[in-house]
Amino acid sequence: MKRWIVLLCIFSSPFFFHPCLSWTQTSGPVLNPLTIVKAGTLIDGVSSTARRDQVITIRRNVISQIANASSAKIPADATVIDLSKYTVLPGLIDAHTHIFLQGEDPAEGGYDVQLLKYPLAFRAARATVSARRALEQGFTTIRDMETEGAGYGDVGIKMAIERGYIPGPRMFAATRAISTTGGYPLEGYAPEIEVPKGAQLIDGPIEARKAAREQLDHGADWIKVYMTHRSWVGKNGELVSQPTLTVEELRAIVDEAHGWGKKVACHSYGGIGMQRALDGGCDSIEHGLMLSDAQVAQMIKQGTWLCPTLNIYYMDWAPADTPEGQRDRKRVSEHEASFRRALAAGVKIAFGTDVGGFSWTDPIAAEFTRMVELGMTPMQAIQAATSRAAELLERTGQLGVIAPGAFMPMLSRSMAIRWRASKFWRMLAS
Ligand SMILES: [Zn+2]
């Protein structure tokens, strides 16, 4: 039976939508400078156990104190939010989203119609809905992992959120992403017809570096690189994935991004492309379906993150008697083993879902259940979506944690949201 769980999410976004707040375009919401939250149960994002009956004091945008309810003094002029019957969590972080995708149904034209038929304004309008959906599901920070042909639209959506025009989470934008010729859709059209591509395609280290410079110049917070593309079941029943960039091409991008103080996220399934991703110095491996023991060891040595996006690979399998269906099933079995291997070895793991690859109306939180089924403790899974993901984003102590010094700019009762994640919640309670 499904249970509705009510959570307070500590918003680390510079804006959230609440009709009771007065605010201006330039200064954001005007808040009571002193807010008190009474938490029945507090999961702070870092501690291994929850605490009962805590009082959180917030001065303007920052948490200043956390105390036991029995000893806490509550000033008369404070705005008090009583959640003493509820569990309070930090705002969750999804480190792999696509607000410009909508889980395209193949029957409705799938991915290609996005690029071929939809005006950019239509896609941007839908992206604003995606951003709101992230908030409604308790995700107050997202690392959006490229716009799929919508150019620098993510930078624009981020700007609209930050300036208070639309509700949405704090965003880290990757802009266009980079792959190679033959390394990204649209595909399958007559060679004589030039079609748009869902990523910026480069060949050679010079073009690679130029693409990174362009993207960073136009506001990329992260660079996203596709190190593998097509995948299929090979002659011996093994999963194979086509490599894309060479190590030299990737190194040019990583070198450029690091020079700007930015990091590089690499889509990579396994095999040759995964080895190049690690040798080229990627900061995070996205998906990581086929990590070998040696590659896991290399990730630990280099401090590479894994953002596994497990749950999406269980969706929309082709029939079992087709090559695609066999590949879909093989991807899941490899992924499960790879995730367990990385977890057991202590690879740094951040929560990410690839939402947009599936519909924004589906529950984002289903990923938690999958992480726990594959060996994480429930608290480890929460930390992957709070303090660990904040560490990936280099915002330790500011995001993904309820502790003095953490961001807490906006707060109200409207932030007590209903979060339907019953299976995971039962695991947490048990
Ligand atoms: Zn993705």
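Notes on the structure in this doc start here. (Residues numbered from 1 in each chain as written. Predicted model: local features only at pLDDT ≥ 70, side-chain atom pairs only at ≥ 80, totals over all residues. Heavy atoms only, no water.)

## Looking at the nonpolar core
Within the largest apolar cluster, 71 residues are counted, with the highest numbers of intra-cluster contacts made by Ile223, Val225, Ile253, Cys266, Ile285 and Met371. Considering each element in turn, this core owes the most residues, 5 residues, to helix α5 (residues 247–259). Sequence-distant contacts of methionine 371, defined by excluding residues within four places in its chain, comprise Pro308, Leu310, Phe339, Ile349, Phe351, Met376, Ala381 and Ala384. With 15 residues, the next largest nonpolar core counts Ile93, Ala95, Ala350 and Ala389 among its residues. (Core = buried A, V, L, I, M, F, W, Y, C linked by side-chain atoms within 4.5 Å. Buried < 20%, exposed > 50% of the residue type's maximum accessible area, 1.4 Å probe, protein only. Helix = DSSP H or I, 4+ residues; strand = E, 2+ residues; numbered from the N terminus. Contact = heavy atoms within 4.5 Å.)

## Digging into the coordination of the zinc ion
For the zinc ion, the full set of protein donor atoms is His96 (NE2), His98 (NE2) and Asp354 (OD), and the range of their distances to it is 2.1 to 2.2 Å. Donor residues for the zinc ion sit on one chain with the sequence pattern H-x1-H-x255-D. Of this pair, histidine 96 sits in strand β8 (residues 92–97) while aspartate 354 sits in the loop between β19 (348–349) and α9 (366–373); the two residues are 258 residues apart in sequence, bridging distant segments of the chain. (Donors = N, O, S within 2.8 Å, 3.2 Å for Na, K, Ca; no water.)

## Observations concerning the environment of isoleucine 81
Along the chain, isoleucine 81 turns up in strand β7 (residues 79–90). The exposure class assigned to isoleucine 81 is buried, which follows from its relative accessible area of 3%. For the pair isoleucine 81 and lysine 38, spaced 43 residues apart in sequence, the C-alpha separation works out to 6.3 Å.

## Thoughts on the side chain of threonine 147
Relative to the elements of secondary structure, threonine 147 occurs in the loop between β9 (139–144) and α3 (153–162). Residues in contact with threonine 147, not counting those within four places in the same chain, are Phe100, Arg123, Gly153, Asp154, Thr175 and Arg176.

## Quick look at the pairing of strand β10 (residues 170–173)
The alternating pattern of β10 places Arg170 and Phe172 on one face and Met171 and Ala173 on the opposite face, and all of these are buried. Pairing of β9 with β10, which is carried by 4 bridges, proceeds in the parallel orientation. Directly across from isoleucine 142, in β10, lies its bridge partner methionine 171. One crossover worth recording links β9 to the parallel β10 by way of α3, and it is right-handed. (Pairing = 2+ DSSP bridges. Right-handed = clockwise from strand over helix to strand, strands pointing away.)

## Some thoughts on a negative patch on the surface
Where like charges cluster on the molecular surface, the negative patch consists of Asp105, Glu108, Asp316 and Asp362. Among the secondary structure elements, aspartate 105 is positioned in the loop between β8 and α1 (112–116). (Patch = residues over 30% accessible without salt bridge, like charges linked within 9 Å, V, L, I, M, F, W, Y side chains within 5 Å. Areas by Shrake-Rupley, 256 points an atom, 1.4 Å probe, with all protein chains shown as cover. Salt bridge = Lys/Arg side-chain N within 4 Å of Asp/Glu carboxyl O. Lys, Arg positive; Asp, Glu negative; His and termini not counted. Charge placed at Lys NZ, Arg CZ, Asp CG, Glu CD.)

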